[in-house]
Amino acid sequence: MIEIKDLHKSYKMGSNSLHVLKGINFSVAEGELVSIMGSSGSGKSTLLNILGMLDEADEGSYTLDGVAIKNLNEKIAARYRNKFLGFIFQSFNLISYKNALDNVALPLYYQGIKRGERIDKAMSYLEKVGLADWAGHLPNELSGGQKQRVAIARALASDPKVLLADEPTGALDSKTSYDVMNLIQEINDEGRTILVVTHEPDIAAMTKRIVNLKDGRIIQDTKVNQVRAQQNV
Ligand code: ADP
Ligand code: MG
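No experiment lies behind these values; they were computed from the predicted model shown. (Residues numbered from 1 in each chain as written. Chains lettered and ligands numbered in written order. Predicted model: local features only at pLDDT ≥ 70, side-chain atom pairs only at ≥ 80, totals over all residues. Heavy atoms only, no water.)

**Structural notes on the environment of Val-180**
Summarising the element assignment, Val-180 is placed in helix α6 (residues 174-189). A C-alpha to C-alpha distance of 34 Å links Val-180 and Leu-72, two positions 108 residues apart in sequence. Here Val-180 is in contact with Gly-145, Gln-148, Ile-152, Thr-169 and Leu-172, once residues within four sequence places are set aside. (Helix = DSSP H or I, 4+ residues; strand = E, 2+ residues; numbered from the N terminus. Contact = heavy atoms within 4.5 Å.)

**Comments concerning the pairing of strand β6 (residues 85-89)**
Extensive coverage of β6 is indicated by the burial of four of its five residues. Pairing of β6 with strand β7 (residues 162-166), which is carried by five bridges, proceeds in the parallel orientation. Bridge pairing links Phe-89 to Asp-166 in β7. (Buried < 20%, exposed > 50% of the residue type's maximum accessible area, 1.4 Å probe, protein only. Pairing = 2+ DSSP bridges.)

**Regarding the side chain of Asn-99**
Position of Asn-99 relative to the elements: it lies in the loop between β6 and α3 (100-110). Polar contacts involving the side chain of Asn-99 include one to the main-chain amide nitrogen of Leu-101, which spans 3.1 Å. A distance of 2.8 Å separates the side chain of Asn-99 from the backbone nitrogen of Asp-102, its partner in a polar contact. If we skip the residues at most four places from it in the chain, Asn-99 touches Ala-135, Gly-136, His-137 and Leu-138. (Polar contact = N/O pair within 3.5 Å; in protein donor to acceptor, adjacent residues only side chain to side chain.)

**Concerning unusual backbone geometry**
For Phe-92, which is not a glycine, the phi torsion comes out positive at approximately 70°. Inspection of the secondary structure assignment puts Phe-92 in the loop between β6 and α3. Residue Phe-92 is classed as buried on the basis of its relative accessible area, which comes to 11%. Even without a glycine there, the phi angle at Glu-167 is positive, about 50°. Along the chain, the position of Glu-167 falls in the loop between β7 and α6.

**Thoughts on the layout of surface pockets**
Of the pockets and cavities examined, the largest pocket occupies roughly 430 Å³. Every residue lining the largest pocket is counted, 15 residues in all, and those nearest its centre are Asn-82, Leu-85, Phe-87, Pro-107 and Arg-154. When contributions to the lining of the largest pocket are tallied by element, the ones reaching two or more residues are α2 (74-84), β6, α3 and α5 (144-157). The class makeup of the residues in the lining of the largest pocket is ten nonpolar, three polar and two charged. A total of five residues in the lining of the second largest pocket trace back to one element, the largest contributor, which is strand β4 (residues 59-64). Split by residue class, the lining of the second largest pocket holds six nonpolar, four polar and five charged. (1 Å grid on protein atoms, 1.4 Å probe; cavity = no way out; pocket = protein on both sides within 12 Å on 5 of 7 lines; lining within 4 Å. Points joined across faces, edges and corners; volume = space filled by probe spheres on them. Nonpolar A, V, L, I, M, F, W, Y, C, P; charged D, E, K, R; others polar.)

**Describing the packing of α3 against helix α4 (residues 115-128)**
Helix-helix packing is described using two parameters, namely the angle between the two axes and the distance between the axes. The interhelical angle for the contact between α3 and α4, taken along N-to-C directions, is 120°, at an axis separation of 8 Å. Taken as axis vectors, α3 and α4 run oblique relative to one another. Helix-helix and strand crossings are classified by hand; for α3 and α4 the assignment is right-handed. Residue-level contacts link Ala-100, Leu-101, Asp-102, Val-104, Ala-105, Leu-108 and Tyr-109 of α3 to Arg-115, Arg-118, Ile-119, Lys-121, Ala-122, Met-123, Tyr-125 and Leu-126 of α4. Class assignment for the residues of the contact of α3 with α4 results in eleven nonpolar, no polar and four charged. (Axes fitted to C-alpha atoms, helices over the stretch in contact; angles between N-to-C directions. Parallel < 35°, antiparallel > 145°, perpendicular 65-115°, else oblique. Left-handed = near helix turned anticlockwise from the far one by under 90°.)

If you want it as structure tokens, here you go:
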């Protein structure tokens, strides 16, 4: 599903340059649930942003579902992003003046789906994350865990091949974090490929494979016996 080879990325800062990713090689097969672990500043978000086509590498290759991701114009990149990828962020990134249902329906608008069908689909995803009763509520009327569930429903709405989550539990307490990870596990059980960036070992332990990043290099890549959410509660 994902294949990257010898990926490098530097940030230019004036006359200086900060080498953040120093030759990353890894691949992710369809249906995997992988965590990318590492301390703050190790390059996790930089890597995820490149995988999410929000940023480009300086060197190396990236293939997503058989498509080489390189030198795409913004329009094609946006189309691939929409078709292949769903994003989940630490800070939820919901639109504050739209209710839960309209937040989930938004990606479908960009896909050109008609309003009636958008609403039906969005509602079915809200049901899936257990929030059908909250469809008419604004984000500021929801708890952190509920907001992240809405964000997950929104990420699923466009039926992406891969879900990319950057510290999805970073703003949540432990119990709520395990609930959110439980939902992520259920979505993965259905066969969806998911990458989760985290610096928390107990969150990484709930995935099936942990890729350890340190100073821009992968120092360890191990399959783990997935801890199911219930075991943590
Ligand atoms: P992580 O997500 O693991 O905390 P990041 O990928 O966000 O790490 O950042 C890796 C390094 O790159 C850090 O030293 C950070 O300060 C730097 N960095 C990240 N984004 C930028 C940017 N847009 N411009 C300059 N430096 C950046
Ligand atoms: Mg980060």
